[in-house]
Amino acid sequence: MAEKMLKVTLIRSKIGAVPRNRKIIESMGFRKLNQTKTFPDNAATQGALRKIAPYVKVEEA
């Protein structure tokens with residue numbers, strides 16, 4: 001059975017973000033606005049996305 005995946009898009013700039021949130025955004029590989037990446041739907045990803053929720057849009061892939 002295939003693992004569920006999440007499609008995550010960066011929709012707000014990280015310029016004004018709290019340094020902790022900026023590091024989370026960078027660690028997930030986001031470099032530009034409207035950049036989309038795919039991540040596995042697991043507890044680690046859910047925790048990171050919860051912290052940066054105002055900056056991203058999440059959809060099921």
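First, a word on what this report is: a plain description of the structure on this page. The model shown is predicted, which means the values in this text are computed figures rather than measured ones.

1. Things to note about the sheet that holds strand S2 (residues 36-40)
Strand order in this open sheet of three strands is S2-S1-S3, and the pairing throughout is antiparallel. For this open sheet the edge positions go to S2 and strand S3 (56-60), each flanked by a neighbour on one side alone. Pairs of neighbouring strands in the sheet enclose a mean axial angle of 30°, with direction left out of account. As judged from the five bridges shared by strand S1 (residues 5-10) and S2, these two strands associate in the antiparallel manner. Bridged to Met5 within S2 is Pro40. Here helix H2 (residues 43-51) sits on the sheet in contact with S1, S2 and S3, set at roughly 25° to S1.

2. Description of the pairing of S1
Two strands pair when backbone bridges link them, and S1 and S3 are joined in this way by five bridges, in the antiparallel orientation. Residue pairing across strands places Leu10 opposite Val56, the latter belonging to S3.

Criteria and thresholds
- Residues numbered from 1 in each chain as written.
- Predicted model: local features only at pLDDT ≥ 70, side-chain atom pairs only at ≥ 80, totals over all residues.
- Heavy atoms only, no water.
- Pairing = 2+ DSSP bridges.
- Helix = DSSP H or I, 4+ residues; strand = E, 2+ residues; numbered from the N terminus.
- Axes fitted to C-alpha atoms, helices over the stretch in contact; angles between N-to-C directions.
- Contact = heavy atoms within 4.5 Å.

From the geometry alone we can't say anything about function, so treat these as descriptive.
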